[in-house]
Amino acid sequence: MPIRSIAIGAPSEASQPDALKAALAEFISMLIFVFAGQGSGMAFNKLTDNGAGTPAGLISASIAHAFALFVAVSVGANISGGHVNPAVTFGAFVGGHITLLRSILYWIAQLLGSVVACLLLKFATGGLETGAFALSSGVGTWNAVVFEIVMTFGLVYTVYATAVDPKKGDIGIIAPIAIGFIVGANILAGGAFDGASMNPAVSFGPAVVSWTWTNHWVYWLGPFAGAVIAAVVYEIFFISSNTHEQLPTTDY
């Protein structure tokens, strides 16, 4: 059971070189991901005179985020596990694959990476706003929460199946590709309704820079709930107690 594997970690872990290097890797990976993802939306807006709400804008956002996440996960995988998402980190914590103290380091690094990426975008574009995530007309907050739960469940379940499961074998770059693909597909499914965040840090950066907090809690509750459900389901049904082994940090 996942709850038996949960570990708080020792206070000294926060100052260990490998933990700090892992946090730095998460910061850089998140910066890469948010800069490319948010930047693509801003570029499309500029080229189409604020036409990001069109089908073409949704497709471009899906492709940009899928490609950027593939790279961000790949470059961080050997150092931090390539979480690039507080919800993924939380799912790994629930499954006992990372301690709470290291998770907190990751969360701080991920949030800072997103904020810095948005600040760099604002500066580089001459002051253009990085749009905060918002609900579309006719979409209620709890509708959006359900969207975020289901989409993040798919993401974290994919992470578990391709990167966390001890039986996964040597599948090379399949994990980053699969993770990028599921995020791209989910953006096509939910992007027109609530922006399809699946990642509290991705929502946090634009909210800080634009100082827009309307319904921001949706983009925390939904992803964290979806991550917990995915972690518990995969741990209970697909990682049996006699084959479960603690994974090194580099494998999550």
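For clarity, every value in this text was computed on a predicted model and none was experimentally measured.

Participant: Break down the overall build of the protein chain for me, citing the residues and quoting the values.
Facilitator: A count of helical and extended segments in the protein chain gives nine helices and zero strands. Of the regular secondary structure in the protein chain, the N- to C-terminal order runs α-α-α-α-α-α-α-α-α. For 252 residues, the compact-globule estimate of 2.2 N^0.38 gives 18 Å, and the C-alpha radius of gyration of the protein chain, at 17 Å, lies within 12% of that figure. With the C-alpha coordinates of the protein chain rotated into their principal frame, the extents come out at 55 × 35 × 30 Å. Relative to its full complement of 252 residues, the protein chain shows a buried share of 47%.

Participant: Which residues make up the environment of A178, and what values go with them?
Facilitator: Tracing the sequence through the fold places A178 in helix α7 (residues 174-194). Note: C-alpha distance between A178 and L155 (23 residues apart in sequence) is 9.0 Å. Residues in contact with A178, not counting those within four places in the same chain, are T158 and T162.

Participant: Could you give an account of the UniProt feature "transmembrane region" (unreviewed entry) in the protein chain, naming the residues involved and the relevant values?
Facilitator: Summarizing the sequence annotation, UniProt attributes the feature "transmembrane region" (unreviewed entry) to residues 22-44, 56-77, 105-124, 144-164, 171-193 and 217-237 in the numbering used throughout. Helix makes up 100% of residues 105-124 and strand makes up 0%, while its end C-alpha atoms are separated by 28 Å. For residues 217-237, the end-to-end C-alpha separation is 30 Å, with 95% helix and 0% strand making up the annotated structure.

Participant: Describe a nonpolar patch on the surface, and please don't skip the residues or the numbers.
Facilitator: Taken together, the side chains of L24, I28, I32, V71 and V75 define a hydrophobic patch exposed on the protein surface, amounting to about 390 Å² of accessible area. Of all elements in the fold, only α2 (17-48) and α3 (55-77) reach the threshold of two or more residues within the nonpolar patch. No other element matches the three residues that α2 contributes to the nonpolar patch. For I32, a relative accessible area of 32% puts it in the partly exposed group.

Participant: Please set out α3 residue by residue, giving values where relevant.
Facilitator: With 23 residues, α3 ought to run about 33 Å at 1.5 Å a step, and its terminal C-alpha atoms sit 33 Å apart, in line with that. For α3, the complete set of buried residues consists of G57, A61, S62, A64, H65, A66, A68, L69, A72, V73, G76 and A77. Of the surrounding secondary structure, the elements contacted by the buried residues of α3 are α2 and α7.

Participant: Please set out the nonpolar core residue by residue, giving values where relevant.
Facilitator: Counting 49 residues, the largest nonpolar core has M30, F33, L69, V84, L155, Y160 and M198 as the members making the most contacts within it. Of all elements in the fold, only α2, α3, α4 (86-94), α5 (100-124), α6 (141-164), α7, α8 (200-210) and α9 (218-238) reach the threshold of two or more residues within this core. Take this core: its biggest share by element is eight residues, from α6. Contacts of V84, omitting those with residues within four sequence positions, involve E26, S29, M30, F33, L69, A72, V73, Q110 and N199.

Participant: Please set out the packing of aromatic side chains residue by residue, giving values where relevant.
Facilitator: Within the structure shown, the criterion is met by 16 aromatic pairs. Measuring from ring centre to ring centre gives 5.1 Å for Y234 and F238, while their planes differ by 45 degrees; the resulting arrangement is tilted. Pair noted here: Y234 and F238 are both in helix α9, with a separation of four residues, about one helical turn. Under the relative-accessibility criterion, Y234 is labelled buried at 7%. Through a chain of ring-to-ring contacts, three or more aromatic side chains come together here, namely F90, F93, W107, F204, W211, W213, W220 and F224.

Participant: Before we move on, could you go through the pattern of salt bridges and cite the residues and values that matter?
Facilitator: Counted by the stated rule, this structure contains four salt bridges. Two residues, R102 and D18, come together in a salt bridge whose shortest N-O distance is 3.1 Å. Taken together, the residues R102 in helix α5 and D18 in helix α2 connect sequence positions 84 residues apart. Taking the relative accessible area as the measure of exposure, R102 reaches 5% and is therefore buried. Several salt bridges share partner residues, and in doing so they unite E13, D18 and R102 into one network.

Participant: So what about the packing of α2 against α5? Which residues, and what values?
Facilitator: Interhelical geometry of α2 versus α5 gives an angle of 35 degrees and a closest axis separation of 7 Å. Where α2 crosses over α5, the handedness of that crossing is right-handed.

Reading the values: the criteria
Residues numbered from 1 in each chain as written. Predicted model: local features only at pLDDT ≥ 70, side-chain atom pairs only at ≥ 80, totals over all residues. Heavy atoms only, no water. Helix = DSSP H or I, 4+ residues; strand = E, 2+ residues; numbered from the N terminus. Rg over C-alpha atoms; globule rule 2.2 N^0.38 Å. Buried < 20%, exposed > 50% of the residue type's maximum accessible area, 1.4 Å probe, protein only. Contact = heavy atoms within 4.5 Å. UniProt positions renumbered as here; feature names shortened; annotations may be inferred. Patch = residues over 30% accessible without salt bridge, like charges linked within 9 Å, V, L, I, M, F, W, Y side chains within 5 Å. Areas by Shrake-Rupley, 256 points an atom, 1.4 Å probe, with all protein chains shown as cover. Salt bridge = Lys/Arg side-chain N within 4 Å of Asp/Glu carboxyl O. Expected span 1.5 Å × (residues − 1). Core = buried A, V, L, I, M, F, W, Y, C linked by side-chain atoms within 4.5 Å. Phe/Tyr/Trp six-rings, centres within 6.5 Å; stacked < 30°, edge-to-face > 60°. Axes fitted to C-alpha atoms, helices over the stretch in contact; angles between N-to-C directions. Left-handed = near helix turned anticlockwise from the far one by under 90°.

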